[in-house]
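# Examination of the molecular architecture
Each chain, letter by letter, is given below.
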Amino acid sequence: MLSLIKSVLVLTVALSVCADFWTDRDKFIKDEESQMLGSSINLTDKEKKVNQILMKFKYNEFDDGFLNPGSFAPSQHFFQARPLIQKSDVYKLLQKIPKGAALHGHDIALVSSEYLYKQTYRNSLYACRINGQLRMRFLQSSQQDKQCNWTLLNVLRILDPSYDSYLRSQINLYTENPKQKYKNINDVWNAFQNIFFTIMGLVTYKPVFEDYFYQSLKELYDDNVMYLEFRGTLPLLYDLNGTEYTPIQTVAVYKEVIEKFKTEYPRFKGARFIYAPLKDDNNSTMYKYVEILKDLKVNFPDLLAGFDLVGQEDTRKPINAYLDQIKQVSAMGIDFFFHAGETNWYDTSSDFNLVDAILLGTKRIGHAYAVTKHPLVVEIVKERQIAIEVCPISNQVLLLVSDMRNHPAATLIANGFPIVISYDDPTLWNGKALSYDFYMAFMGIAGKEADLRLIKQLALNSLLFSSLPADQKQVLISDWETDWTSFVDNVLATYANEIP
Ligand SMILES: *[C@@H]1O[C@H](CO)[C@@H](O)[C@H](O)[C@H]1NC(C)=O
Ligand SMILES: *[C@@H]1O[C@H](CO)[C@@H](O)[C@H](O)[C@H]1NC(C)=O
Ligand SMILES: *[C@@H]1O[C@H](CO)[C@@H](O)[C@H](O)[C@H]1NC(C)=O
Ligand SMILES: *[C@@H]1O[C@H](CO)[C@@H](O)[C@H](O)[C@H]1NC(C)=O
Ligand SMILES: *[C@@H]1O[C@H](CO)[C@@H](O)[C@H](O)[C@H]1NC(C)=O
Ligand SMILES: [Zn+2]
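Predicted model, so just to flag it, every value in this text is computed and none were measured. (Residues numbered from 1 in each chain as written. Chains lettered and ligands numbered in written order. Predicted model: local features only at pLDDT ≥ 70, side-chain atom pairs only at ≥ 80, totals over all residues. Heavy atoms only, no water.)

## Section: helix α20 (residues 470-494)
With 25 residues, α20 extends 35 Å between its outermost C-alpha atoms, agreeing within 8% with the 36 Å of an ideal straight helix rising 1.5 Å per residue. Every buried residue of α20 is accounted for by Lys-473, Leu-476, Ile-477, Trp-480, Asp-483, Trp-484, Phe-487, Val-488, Val-491 and Leu-492. On its buried face, α20 sits against α2 (45-67), α4 (89-96), β1 (100-102), β5 (225-232) and α19 (452-464). (Helix = DSSP H or I, 4+ residues; strand = E, 2+ residues; numbered from the N terminus. Expected span 1.5 Å × (residues − 1). Buried < 20%, exposed > 50% of the residue type's maximum accessible area, 1.4 Å probe, protein only. Contact = heavy atoms within 4.5 Å.)

Structure follows, in structure tokens:
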């Protein structure tokens, strides 16, 4: 009898310990979850249904990956993952979601690779090689420029059946086996920079440039992204007769194309420009950039959003090598949107670009891949709400991270940091608009339980952290809310049979 009482007692105690354990555990996880980006959003009843559909798709793919890690797209290189993503129900739904704005992309790498490739079929496009490197240029005749042995590209195609695959390999980083071709970060950056040289003459032909930029906006629009802030080096445009234009005229083209696009697609809210020339480790060039900025500020005060500097951080001088010029820019009242900390080298000049960017008052930070290693930077980023522009696929292709589950933005998401998702240079790796990067962020970087609230917050962030003045931002947000409401209704109508 005593032993029975004893064992009942033991059982009860054990049960109550267990009950406490599971209650505590539940509370623990909920508390942690309440710090996650998006957790302050309360979904409406309709949104909850959309969320159920989204999460049904997510769990299917996620659980399948958990059981068969080889099938999980975000753990693979984008070149391998892309065909898997295209088949994903999550991806298809993400494409429909009004994602707000793209806040980090570069002038001549915004469009899809296929569109760029198609431009190489245009008439009057010539090609040649300088030091083994492919160049392209539109000319009236091969004699117009004697610096190179120019041959019509369409003739080269006929002469050599393998020419097209060579051409593709020169304008895209894609390769079947990226780990073999790009052994380290400098390898891939060299290839990356060479592609820019190769496509420069193709893209800067004024008629191509206009179509190209128009198409960049169209692809965002089709991906339900309604506003763009892009960085550009202001390459000089040219015409067939050899006329070269000025940097100011390049911006004039941007402005015309944006206006034309907005007229044709009134739901699109436009684009702003961040002047982001190449760091070439030369003080006098940087003073020239300052002069260009002065011109831009006078001629395009609304289009100009700010200033930044580009180029591989590890191999170039840090932003603090241009303090004098940067002070001049600041004195003009121009905002900074610095790339910083796009590196794996801890406590180096590239890594400390993060500190410099903060001290110089940057409004957002491009990549900030190394930010979680800097507790004070992290604190200030949160306090001052300096948005971090996370470009997952770029970070993977440029060899900072191989498996998205190891991306440091997971920590930023878990702690509710102000981040946005963007695409950097999709032309160079067969990307297209924002949905692939959203997929990687949602499936690979964020946790299994991150849901529609995270996506909604990321979309909202892209508008909140845009450079627009407050009144225009408000218009953007309220129009986005309208789009969001119709998205919710559309999904409920289209996927009615998927509601669990
Ligand atoms: C969401 O709901 C919670 C609990 O009902 C409430 O405390 C909170 O203020 C709501 N948040 C928003 C943004 O409406
Ligand atoms: C110029 O290029 C064409 C096409 O590749 C080639 O057939 C020709 O031999 C080249 N000429 C010279 C002088 O290099
Ligand atoms: C060159 O071509 C452009 C575009 O067709 C034209 O506007 C310009 O007047 C031409 N310039 C000369 C010098 O022929
Ligand atoms: C520019 O000049 C300053 C002052 O002499 C120097 O500290 C800095 O390193 C130079 N920057 C570059 C990019 O050479
Ligand atoms: C810096 O650039 C200018 C042209 O902008 C060039 O004349 C000069 O030689 C360059 N200086 C160095 C140190 O490369
Ligand atoms: Zn970038």
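Additional details are given in the paragraphs that follow.
## With respect to the pattern of salt bridges
Taken as a whole, this structure holds 22 salt bridges when the rule is applied. Across the salt bridge formed by Arg-168 and Glu-114, the nearest N and O atoms sit 3.5 Å from each other. Pair noted here: Arg-168 is in helix α7 (residues 163-170) and Glu-114 is in helix α5 (residues 113-119), with a separation of 54 residues, a long-range link. For Glu-229, the salt bridge is made with Arg-364, and the minimal N-O distance between the two is 2.8 Å. Of this pair, Glu-229 sits in strand β5 while Arg-364 sits in strand β9 (residues 364-367); the two residues are 135 residues apart in sequence, bridging distant segments of the chain. Comparing Glu-229 with Arg-364, the two get one shared label, buried. (Salt bridge = Lys/Arg side-chain N within 4 Å of Asp/Glu carboxyl O.)

## Comments concerning the site of ligand 3
What surrounds ligand 3 is the set Asp-239, Asn-241 and Thr-243. The separation between an oxygen atom of ligand 3 and a polar side-chain atom of Asn-241 is 2.3 Å. Across the complex, the protein chains shield 28% of the 370 Å² of accessible surface that ligand 3 would expose by itself. (Near = heavy atom within 4 Å. Polar contact = N/O pair within 3.5 Å; in protein donor to acceptor, adjacent residues only side chain to side chain. Areas by Shrake-Rupley, 256 points an atom, 1.4 Å probe, with all protein chains shown as cover.)

## Quick notes on the sheet that holds β9
Ordered by their spatial adjacency, four strands build an open sheet running β8-β9-β10-β11, and the pairing between neighbours is parallel. Each edge of the sheet is formed by a strand with only one pairing partner; in this case those strands are β8 (339-340) and β11 (419-421). The pairing of strand β10 (residues 387-390) with β11 spans three bridges and is parallel. The residue bridging Val-390 from the neighbouring strand is Ile-421, located in β11. (Pairing = 2+ DSSP bridges.)

## Overview of helix α12 (residues 283-299)
Spacing of three or four residues puts side chains on the same side of an α-helix, whose turn is 3.6 residues. Taking 1.5 Å per residue as the helical rise, α12 with its 17 residues ought to reach 24 Å, and the 25 Å between its terminal C-alpha atoms agrees with that figure. When α12 is considered as a whole, its buried residues turn out to be Thr-285, Met-286, Tyr-289, Val-290, Leu-293 and Leu-296. Buried positions in α12, seen along its axis, are confined to an arc of 155° and lie on one side of it. Exposed side of α12, more than 90 degrees from the buried face: Lys-288 and Val-298 are the residues found there. Check the buried side of α12 and you find it contacts α11 (247-264), β6 (271-275), β7 (304-307) and α13 (323-331). The distance from a side-chain oxygen at the start of α12 to the backbone nitrogen of Ser-284 is 2.8 Å, and the residue carrying that oxygen is Asn-282. (Arc of directions from axis to C-beta.)

## Here we look at the nonpolar core
Counting 162 residues, the largest nonpolar core has Leu-173, Leu-228, Phe-273, Leu-296 and Ile-419 as its most contacted members. Of all the elements, helix α9 (residues 185-203) adds the most residues to this core, at nine residues. Not counting the four nearest positions on each side in its chain, Leu-296 is found in contact with Leu-234, Ile-248, Val-251, Phe-273, Tyr-275, Pro-301 and Leu-304. Grouped together as the second largest cluster of nonpolar side chains are five residues, Tyr-126, Leu-139, Cys-148 and Trp-150 included. (Core = buried A, V, L, I, M, F, W, Y, C linked by side-chain atoms within 4.5 Å.)

## With respect to the coordination of the zinc ion (ligand 6)
For the zinc ion (ligand 6), the protein coordination sphere consists of His-104 (NE2), His-106 (NE2), His-339 (NE2) and Asp-424 (OD), at 2.1 to 2.3 Å. Viewed at the metal, the four donor atoms of the zinc ion (ligand 6) are separated by angles of 82 to 171°, and the geometry they form is irregular. (Donors = N, O, S within 2.8 Å, 3.2 Å for Na, K, Ca; no water. Tetrahedral: all angles 85-135°; square planar, octahedral: opposite > 155°, others 65-115°.)

## With respect to the packing of aromatic side chains
Here the structure, examined in full by the defined rule, presents 30 aromatic pairs. In this structure an aromatic cluster arises from ring pairing among Phe-209, Phe-213, Phe-230, Tyr-254, Phe-273, Tyr-275, Tyr-289, Phe-307, Phe-336 and Phe-338. Above the ring of Phe-442, the side-chain terminus of Lys-58 is found at 3.9 Å from the ring centroid. (Phe/Tyr/Trp six-rings, centres within 6.5 Å; stacked < 30°, edge-to-face > 60°. Lys NZ or Arg CZ within 6 Å of the ring centre and 35° of its normal.)

## Concerning empty space enclosed by the protein
Gaps between atoms show up when a probe of the same size as a water molecule is rolled over them. One pass over the structure, following the stated rule, counts two cavities of 30 Å³ or more. Its boundaries defined by the atoms lining it, the largest cavity holds a volume of some 50 Å³. Lining the largest cavity, in full, are Gly-100, Met-226, Arg-267, Lys-269, Leu-463, Leu-476, Asp-479, Trp-480 and Asp-483. Taken as a whole, the second largest cavity holds about 40 Å³ of empty space. Lining the second largest cavity, in full, are His-367, Ala-368, Tyr-369, Val-371, Thr-372, Ile-388, Val-390, His-407, Pro-408, Ala-409 and Leu-412. Mapped by element, the contributors of at least two residues to the lining of the second largest cavity are β10 and α17 (409-414). For the lining of the second largest cavity, the residue count by class is eight nonpolar, three polar and no charged. (1 Å grid on protein atoms, 1.4 Å probe; cavity = no way out; pocket = protein on both sides within 12 Å on 5 of 7 lines; lining within 4 Å. Points joined across faces, edges and corners; volume = space filled by probe spheres on them. Nonpolar A, V, L, I, M, F, W, Y, C, P; charged D, E, K, R; others polar.)

## Overview of the state of the cysteines
On inspection of all chains with the given rule, the structure shows one disulfide. A disulfide bridge connects Cys-128 with Cys-148, and the sulfur atoms are separated by 1.8 Å. For the disulfide bridge between Cys-128 and Cys-148, the dihedral angle about the S-S bond is near 100°, and by the sign convention the bridge is right-handed. Taken together, the positions of Cys-128 in strand β2 (residues 125-130) and Cys-148 in the loop between β3 (133-138) and β4 (151-152) put the pair 20 residues apart, joining distant regions of the chain. Residue Cys-128 shares its accessibility class with Cys-148, and that shared class is buried. (Disulfide = S-S within 2.5 Å.)

## Here's the deal with the layout of surface pockets
Space inside the largest pocket adds up to approximately 1,000 Å³. Taken together, 45 residues make up the lining of the largest pocket; nearest its centre are Phe-196, Phe-197, Met-200, Thr-233 and Leu-278. Elements represented by at least two residues in the lining of the largest pocket include exactly β3, α9, β5 and α12. Among the elements that make up the lining of the largest pocket, the one with the highest residue count is α9 (eight residues). Grouping the constituent residues of the lining of the largest pocket by class yields 22 nonpolar, 12 polar and 11 charged.

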